[in-house]
Amino acid sequence: MFENHVFMKSSDLLQIAATYGDPVYVYDSAKISAQYKRLTKAFGSVKQLKLNYAAKALSNLSILRLMNSLGSGLDTVSIQEVQLGLMAGFDPESIIFTPNGVSLEEIEEAAALGVRINIDNLSILEQFGSKHPDTPVCIRINPHVMAGGNSNISVGHIDSKFGISIHQIPHLLRIVELTQMNINGIHMHTGSDILDIDVFLYASEILFETAKNFPHLEFIDFGSGFKVPYKEGDIETNVEELGKKLGSRFNAFCAEYGRDLTLAFEPGKFLVSEAGFFLARVNVVKQTTSTVFASVDSGFNHLIRPMLYGSNHEIVNISNPKGRERYYSVVGYICETDTFASNRRISEITEGDILCFKNAGAYCFTMASNYNSRFRPAEVLWHEGKAVLIRERETFEDLIKHQVDVPELFGQAETATVK
Ligand SMILES: *Cc1c(COP(=O)(O)O)cnc(C)c1O
């Protein structure tokens, strides 16, 4: 399975599991760089391109530093992500704050740090513009286009909570005129999966049309939604075709607009999904009347996407890659249904084997929790042929760190010490 993987080898992964224990997340920096370069190259015809990595996909400081070193900006959705970005060395101007439903105070806090502000509703726009007319603001538009197939991850449709509806442009223009605020960018983020490039181009036309209302733009931000393959034969976004078509359309728009603007994107999954591997050990192989379960030392507390979105993460038995394939249901150790995969063909599994979950870079560690009072895993970065620990596995102290234990409440003398 890993034979044609030119980046990490399964022997590297096994070595990491042996050194750092399991479960563990592993990220291949070479794959992240390759994806960054691929997207940059696809939009080579555009004079000013800016990729702002969506931090929520994977927000470890070392990953953010890697992105910074590649020349990426940062797309953030909380003030804490802004702070992480600054800590990782990003200039404030290369961070954009694109939250949804946050308070005016949080937006003001981000603006005070000097990061770019993206506002996605008229109420906050009016309040922010009235108080800070001199701070430039980008606006998030909802073009009401479904670019993806799954209604959980298509955010451009009519009932979506994201963005300012294009039908409200007259009201938006009124606010801008009354407050005299400066709109420096237009943004959309239509959904998580761009499968049909023509649908995406159609949404872009709506954005260009909207852009004509604003004479002081610096950039147009097309959000993200680049689909990456999760299994063999999966459809993925053809970024080369998108780059060619959107690139030339963007250049034509700039000519019409009278000035070169920056074309921005905010890819998360595209940059980090395939660079990530999640390694877990098989505790039990259990034959029932209808299936064979392989239970690993993890669960949806560490990798929730299969249970939350029905995502298909390919699973490889790297301890026995050449074994005879059999059907397994791979499940976790959480006391709740937590199925990673049903009836999956995997090389014969023996208790103690290490299973590797692919596409574990995006929305995996960042969605991990302490459910069942389990520790969150360690994270390891594979960089220039070496494994570097970038997050320690949690300990019992982490679990109780913020609990306030009040034994006197129940007439008890003191906290028992845990050995
Ligand atoms: C989550 C998010 C992204 C990244 O989406 P991917 O599908 O991971 O590329 C980009 N922009 C915004 C505003 C987001 O909320």
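Since this is a predicted model, take the numbers as computed values, not measurements.

**Topic: the site of the ligand**
Next up, step 1: Near the ligand lie 14 residues; those nearest to it are Lys-56, Ser-224, Glu-266, Lys-269 and Tyr-363.
Next up, step 2: Contact between the ligand and Ser-224: an oxygen atom at 2.4 Å from a side-chain N or O atom of the residue.
Next up, step 3: At 2.8 Å from an oxygen atom of the ligand is found a main-chain nitrogen or oxygen belonging to Lys-269.
Next up, step 4: If the ligand stood free it would expose 390 Å²; the protein chains cover 94% of that surface.
Next up, step 5: Tallied by class, residues from the shell around the ligand come to 3 nonpolar, 6 polar and 5 charged.

**Brief notes about helix 3 (residues 61-70)**
Next up, step 1: Those residues of helix 3 that fall on the buried side of the exposure criterion are Ile-63, Leu-64, Leu-66, Met-67 and Leu-70. The buried residues of helix 3 occupy one face: seen down the axis, they fall within an arc of 155°.
Next up, step 2: Backbone nitrogen of Ser-62 and a side-chain oxygen of the N-cap are separated by 2.9 Å at the start of helix 3; the cap is Asn-60.
Next up, step 3: Phi for Gly-71, located one or two positions after helix 3, is positive at around 100°.

**A word on the pairing of strand 3 (residues 73-76)**
Next up, step 1: Side chains Gly-73 and Asp-75 of strand 3 all project onto a buried face; the interleaved residues Leu-74 and Thr-76 project onto the opposite face, where all are buried too.
Next up, step 2: Both strand 2 (residues 49-54) and strand 3 contribute to a ladder of 3 bridges, which runs parallel. Bridge assignment links Ala-54 to a residue of strand 3, and that residue is Asp-75.
Next up, step 3: Following the chain from strand 2 across helix 3 to the adjacent parallel strand 3, one finds a crossover that is right-handed.
Next up, step 4: Pairing between strand 3 and strand 4 (residues 95-97): 3 bridges, direction parallel. When the bridges of strand 4 are listed, Asp-75 appears paired with Ile-96.
Next up, step 5: This β-α-β element, strand 3 to helix 4 (residues 79-87) to strand 4, shows right-handed connectivity.

Thresholds, definitions, all that
Residues numbered from 1 in each chain as written. Predicted model: local features only at pLDDT ≥ 70, side-chain atom pairs only at ≥ 80, totals over all residues. Heavy atoms only, no water. Near = heavy atom within 4 Å. Polar contact = N/O pair within 3.5 Å; in protein donor to acceptor, adjacent residues only side chain to side chain. Areas by Shrake-Rupley, 256 points an atom, 1.4 Å probe, with all protein chains shown as cover. Nonpolar A, V, L, I, M, F, W, Y, C, P; charged D, E, K, R; others polar. Buried < 20%, exposed > 50% of the residue type's maximum accessible area, 1.4 Å probe, protein only. Helix = DSSP H or I, 4+ residues; strand = E, 2+ residues; numbered from the N terminus. Arc of directions from axis to C-beta. Pairing = 2+ DSSP bridges. Right-handed = clockwise from strand over helix to strand, strands pointing away.

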